[in-house]
Amino acid sequence: MLKAETRYAIDPEHAKTLGTEDLRKNFHVGGLFADDEIKLVYSHYDRLILGSAVPTKGALTLEALAETGTDTFLERREMGVLNIGDTGTIKVGGETYEMAKGEVLYVGMGSGAVEFSGAGRFYILSAPAHHNYPTTLIREADAKRVELGSPETANERVIIQLLHPDVCKSCQLVMGYTQFKPGSVWNTMPCHVHDRRMEAYLYFDVKDDNRVFHFMGEPAHTRHMVVANEEAIISPPWSIHSGAGTGAYTFCWAMAGDNVDFTDMDMVPMAELR
C-alpha cells in the first residue's frame, strides 16, 4: 500500500521560532516530481494531500493510501489533478481522459482507482469530501479568467480558475493557476489571509537559474523561503502567501477548508506588514 510523508500543523507562535531549515522542513515540499513514482504529502492543515504522478515508462495507479485509513484513496475524498507536462491520460471510473498541459481533472468521491499514463506530469490535490460530484475534465477554455495588476506594480497577471464554483462543483477543493505577463513577478500582493481555509502553492515553469521568494507568516512577522521549479509550499490558514520571482513563472494555487468562496479573504494593509 502506498504511503505518504506526513506534515503536522504548527501554530504561528511556534513558527516564529523556526530557522530556515526547520521552516523548510515544515512548509516547503521539494523533490515532488520523480519519474515513475506517485509521491504524496499528507498535511494536517485541513487534511489536504498534495503530490504527483510521473508515468514515464508505464501506467501508475493510485488506489489506496495508508494514511487515509480507508479501503480506497477516494472512498471519502475528492481530487483535483493538474497536468503541468506534455499530454497524458487519466483513467478513472471506466472512463479515459486525455489531458493537455494546463488542464484539470476533477475526480469525485468514491470513483475508485486512478491510473496515470502518457507524457503528463500530474500534480495531485485531494481533500475530504461529503458528496459525490461527477468527474469532470476542465479545459483551459472552460476556465474563468480574471485579469489583474499592472506593469507599474510588477504584478500584471491572469488568474485561471478551473476548479471553482462558477466552473465545476466540488465539496471543498478550489484550484487554478496564475500566469504573469512579461516583466511582472509579484504574486498575491497586496497580500491577504483566510483563516477559514489553508492553501497550497506549486511553482512551475520556473527557469533553472531563476527562483521565487515565497513569503509566509503572520502579517507582522513575515518569513520567506526560496523556491525552485516544481517545488511546493504548504500555507497555513493563519499565514500570508505571497511571492516574487527573479523571472517569469506560473503557480498553481489550491485551497481547502470551510467554504469554496474564492473571494473570502481578509486583506492586509501594506502598512501592517513587517
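Residues numbered from 1 in each chain as written. Predicted model: local features only at pLDDT ≥ 70, side-chain atom pairs only at ≥ 80, totals over all residues. Heavy atoms only, no water.

**Some details on the sheet that holds strand 1 (residues 5-7)**
Within the open sheet, the 7 strands sit side by side as 1-3-4-11-6-9-12. Their pairing is mixed. With partners counted over all chains shown, the strands left at the sheet margins are strand 1 and strand 12 (136-138), one partner each. Averaged over all neighbouring strand pairs, the angle between strand axes comes to 20°, with direction disregarded. In this sheet, strand 12 lies alongside strand 9 (residues 104-107) in antiparallel orientation, the contact comprising 3 bridges. Opposite Leu105, over in strand 12, you have Leu137 as the bridge partner. (Pairing = 2+ DSSP bridges. Helix = DSSP H or I, 4+ residues; strand = E, 2+ residues; numbered from the N terminus. Axes fitted to C-alpha atoms, helices over the stretch in contact; angles between N-to-C directions.)

**A look at the packing of aromatic side chains**
Aromatic ring pairs are described here by two measures, namely the spacing of the ring centres and the angle between the planes. Under the defined criterion, the tally for this structure stands at 11 aromatic pairs. Centre to centre, the rings of Phe180 and Phe251 are 6.2 Å apart; their planes meet at 35°, and the pair counts as tilted. Within this pair, whereas Phe180 is found in strand 15 (residues 174-180), its partner Phe251 is found in strand 23 (residues 250-257), the two being separated by 71 residues in sequence. Here the aromatic rings of Trp253 and Phe262 are separated by 5.1 Å at their centres, their planes lie at 55°, and the arrangement is tilted. Here Trp253 matches Phe262 in class, with each residue buried. Of the aromatic side chains, those joined through ring pairs into one cluster are Phe180, Tyr201, Tyr203, Tyr249 and Phe251. (Phe/Tyr/Trp six-rings, centres within 6.5 Å; stacked < 30°, edge-to-face > 60°. Buried < 20%, exposed > 50% of the residue type's maximum accessible area, 1.4 Å probe, protein only.)

That's the geometry; what it means functionally is another story.
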